[in-house]
Amino acid sequence: DAMVIQNPRYQVTQFGKPVTLSCSQTLNHNVMYWYQQKSSQAPKLLFHYYDKDFNNEADTPDNFQSRRPNTSFCFLDIRSPGLGDAAMYLCATSRDREAGAKDTQYFGPGTRLTVL
Amino acid sequence: LAKTTQPISMDSYEGQEVNITCSHNNIATNDYITWYQQFPSQGPRFIIQGYKTKVTNEVASLFIPADRKSSTLSLPRVSLSDTAVYYCLVGDRVKYSGAGSYQLTFGKGTKLSVIP
């Protein structure tokens, strides 16, 4: 019963070639998040959508963009991938976005991006 | 910004109880404490959440002292399959203004190795 689905699981792209990662959810949650996780590091929040409202983290590079065409789907676009963008990209959802981070996040399995 | 501090790694033998402590000295009044488990090449998975005192579920217990400046995740009788990274996550004051700052930051995590 997959709840947060990420495709593809593994993605290889070339330096500078745009790439899109996708995430879908069956939970009907309001909030969808994108995290970047590099090897042996903690997940780092890039941005999130609260419904259609996009919220970018202050230190997220402009090279990273996101789209959420409907409740179920969210995309991560990397406009010009560099070698330093190779990482696991995690999508997560939560029902709401209460202060105090009370809402449980449900993570997908991640997409491992390789940049050649 | 609420920061968390956890041991980088811990070793335990199978069948033992494991306690992982997280320090969060700057926790705010309405912040919750959440623990996630992450296996290699998978997304984090919710384990347990609490606000104060003690919380127990089928997987773990969470002990939170009265001052809430720390919390301890307790895993009873660990098995090899509990080998994973455990993240303590403390909610932060949420700012929704413009570009940034949901300020939802995972700590560095504790790598638990269970030894046969």
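Below you will find a few notes about this structure.

A few points about the sheet that holds strand S1 (residues 4–7) of chain A
Residue and element names in this part refer to chain A.
At step 1: Taking strand neighbours across the sheet as the criterion, the four strands line up as S1-S3-S8-S7 in an open arrangement whose pairing is antiparallel. The sheet terminates laterally at S1 and strand S7 (64–67), the two strands that pair on one side only. Averaged over all neighbouring strand pairs, the angle between strand axes comes to 20 degrees, with direction disregarded.
At step 2: Pairing analysis gives six bridges linking strand S3 (residues 19–25) to strand S8 (residues 73–78), with the strands arranged antiparallel. Residue pairing across strands places Ser 24 opposite Phe 73, the latter belonging to S8.

Section: the sheet that holds strand S9 (residues 110–115) of chain B
All names here are of chain B.
At step 1: Pairing within the open sheet is mixed, and its five strands lie in the order S1-S9-S8-S3-S4. Two strands bound the open sheet, and with one partner strand each, they are strand S1 (9–13) and strand S4 (45–50). Across the sheet, the mean angle separating the axes of adjacent strands is 25 degrees when strand polarity is ignored.
At step 2: Bridging between strand S3 (residues 33–38) and strand S8 (residues 84–90) involves six bridges; their strand directions are antiparallel. The partner of Tyr 36 across the bridge, within S8, is Tyr 87.

What about the pattern of salt bridges?
Residue and element names in this part refer to chain A.
At step 1: Following the criterion strictly, the structure yields two salt bridges over all chains and no others.
At step 2: Of the charged contacts in the structure, one is a salt bridge between Lys 44 and Asp 59, with a shortest N-O distance of 3.2 Å. Of this pair, Lys 44 sits in strand S5 (residues 44–50) while Asp 59 sits in the loop between strand S6 (53–56) and S7, and the two are 15 residues apart along the sequence.
At step 3: In this structure, Asp 77 and Arg 67 form a salt bridge, with 2.7 Å as the shortest nitrogen-oxygen distance. Highlighted residues: Asp 77 in strand S8 and Arg 67 in strand S7, separated in sequence by 10 residues.
At step 4: Overall, the relative accessible area of 40% leaves Arg 67 in the partly exposed class.

Here's the deal with the state of the cysteines
Residue and element names in this part refer to chain A.
At step 1: Evaluation of the coordinates by the stated rule reveals two disulfides over all chains.
At step 2: Covalently, Cys 23 is tied to Cys 91 through a disulfide, its sulfur atoms 1.9 Å apart. Disulfide Cys 23-Cys 91: torsion about the S-S bond near -70 degrees, hence left-handed. A residue pair is termed long-range when its members are at least 10 positions apart, and Cys 23 in strand S3 and Cys 91 in strand S9 (residues 87–94) qualify at 68 residues.

Digging into the nonpolar core
At step 1: The biggest cluster of nonpolar side chains holds 20 residues, and the ones touching the most others in it are B:Ile33, B:Trp35, B:Ile47, B:Leu73, B:Leu75 and B:Tyr86.
At step 2: Of all the secondary-structure elements, those providing two or more residues to this core are strand S2 (18–23), S3, S4, strand S6 (61–64), strand S7 (70–75), S8 and S9 of chain B.
At step 3: Residue contributions to this core peak at four residues, all from S8(B).
At step 4: A:Leu21, A:Trp34, A:Leu76 and A:Leu113 belong to the second-largest nonpolar core, a separate cluster that totals 18 residues.

The rules behind each value
- Residues numbered from 1 in each chain as written.
- Chains lettered and ligands numbered in written order.
- Predicted model: local features only at pLDDT ≥ 70, side-chain atom pairs only at ≥ 80, totals over all residues.
- Heavy atoms only, no water.
- Pairing = 2+ DSSP bridges.
- Helix = DSSP H or I, 4+ residues; strand = E, 2+ residues; numbered from the N terminus.
- Axes fitted to C-alpha atoms, helices over the stretch in contact; angles between N-to-C directions.
- Salt bridge = Lys/Arg side-chain N within 4 Å of Asp/Glu carboxyl O.
- Buried < 20%, exposed > 50% of the residue type's maximum accessible area, 1.4 Å probe, protein only.
- Disulfide = S-S within 2.5 Å.
- Core = buried A, V, L, I, M, F, W, Y, C linked by side-chain atoms within 4.5 Å.

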